[in-house]
Amino acid sequence: AAGVIQSPRHLIKEKRETATLKCYPIPRHDTVYWYQQGPGQDPQFLISFYEKMQSDKGSIPDRFSAQQFSDYHSELNMSSLELGDSALYFCASSAPRSGAANTGELFFGEGSRLTVL
Amino acid sequence: LAKTTQPISMDSYEGQEVNITCSHNNIATNDYITWYQQFPSQGPRFIIQGYKTKVTNEVASLFIPADRKSSTLSLPRVSLSDTAVYYCLVGDGYGNKLVFGAGTILRVKS
């Protein structure tokens, strides 16, 4: 079965550079979530999109922005990178909301590992 | 958002049953309780979800008392491959802003 696809899997950047992470949700999933997980930390919610509109916002820095496109894929743009941005970035998707039939399960990708030098 | 509290870590041996309890005193009426498992450098993976009483699937059981202020994930006969971090999350079941608290590191020994 198709899973959530994230690219690139690994990315190395210098301080103050920009980076873009891409997420392709499971087909027919309409909601995408971004999480950041630093070394030894728990996943931190950044932002989510439902039907191409931002649905919720967490601890996303102002230097970061994201959007969901018409084909439901999402991109996380990070600018003025700092050393502390080094982390695993997970994207997750969930199925359309259809009442009792939807458990709200989040399906996570394998993550994109960003290293800022 | 309801805050969750779990033990920081637990140790077990292969073949034993492991029970991890999560406290969520401020759970809302429309909140579900969901547990995820995460291996190092991998995305979290859904284990089980419930609203009240008991839910069982092929890998775990979830026990939720009547007041829903806590829940217990039960893993029967754990193996070494069950060594992972387990997260208890509380949300409205549609995945809106699911917040990961501090999970429980489960170490299974032979």
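The coordinates are above.
Values in this document were obtained by computation on a predicted structure and should not be read as measured data.

Procedures and definitions
- Residues numbered from 1 in each chain as written.
- Chains lettered and ligands numbered in written order.
- Predicted model: local features only at pLDDT ≥ 70, side-chain atom pairs only at ≥ 80, totals over all residues.
- Heavy atoms only, no water.
- Helix = DSSP H or I, 4+ residues; strand = E, 2+ residues; numbered from the N terminus.
- Rg over C-alpha atoms; globule rule 2.2 N^0.38 Å.
- Buried < 20%, exposed > 50% of the residue type's maximum accessible area, 1.4 Å probe, protein only.
- Contact = heavy atoms within 4.5 Å.
- Core = buried A, V, L, I, M, F, W, Y, C linked by side-chain atoms within 4.5 Å.
- Pairing = 2+ DSSP bridges.
- Axes fitted to C-alpha atoms, helices over the stretch in contact; angles between N-to-C directions.

**Some details on the overall build of chain B**
So, step 1. Helices and strands together make up the secondary structure of chain B, namely zero helices and nine strands.
So, step 2. Its C-alpha radius of gyration of 13 Å places chain B within 12% of the 13 Å reference for a compact globule of 110 residues.
So, step 3. Taken along the three principal axes of its C-alpha coordinates, chain B extends 40 × 30 × 25 Å.
So, step 4. Burial statistics for chain B: of 110 residues in total, 46% are counted as buried.
So, step 5. The contacts in chain B between residues at least 6 apart in sequence include a share of 56% that link residues at least 24 apart.

**With respect to the nonpolar core**
So, step 1. The biggest cluster of nonpolar side chains holds 22 residues, and the ones touching the most others in it are W34, L76, M78, Y89 and L114 of chain A.
So, step 2. Apart from the residues within four sequence positions on either side, Y89 of chain A is in contact with Q6, L21, Y35, Q36, L46, F64, L76, M78, G111, S112 and L114 of chain A.
So, step 3. Ranked by size, the runner-up nonpolar core spans 20 residues in total, among them I47, A60, I64 and Y86 of chain B.

**A closer look at the side chain of S61 of chain B**
Residues and elements named next belong to chain B.
So, step 1. If you trace the backbone, S61 turns up in strand β6 (residues 61-64).
So, step 2. A residue is classified by how much of its surface remains accessible, and S61, at 14% relative accessible area, is buried.
So, step 3. Apart from the residues within four sequence positions on either side, S61 is in contact with I48, K54, V55, T56, T72, L73 and S74.

**Topic: unusual backbone geometry**
Residue and element names in this part refer to chain A.
So, step 1. At the junction of S7 and P8, the peptide bond is cis and its omega measures out at -10° in the coordinates.
So, step 2. Position of P8 relative to the elements: it lies in the loop between β1 (5-7) and β2 (10-13).
So, step 3. A positive phi angle, close to 75°, is found at R16, a residue other than glycine.
So, step 4. Tracing the sequence through the fold places R16 in the loop between β2 and β3 (19-24).

**Focus: the sheet that holds strand β7 (residues 70-75) of chain B**
Residues and elements named next belong to chain B.
So, step 1. Reading across the sheet, the four strands line up as β2-β7-β6-β5 and stay open at both edges, with antiparallel pairing between neighbours. Sheet topology places β2 (18-23) and β5 (53-56) at the edges, where each strand pairs with a single neighbour. Strand-to-strand, the axes of this sheet are offset by a mean angle of 15°, without reference to chain direction.

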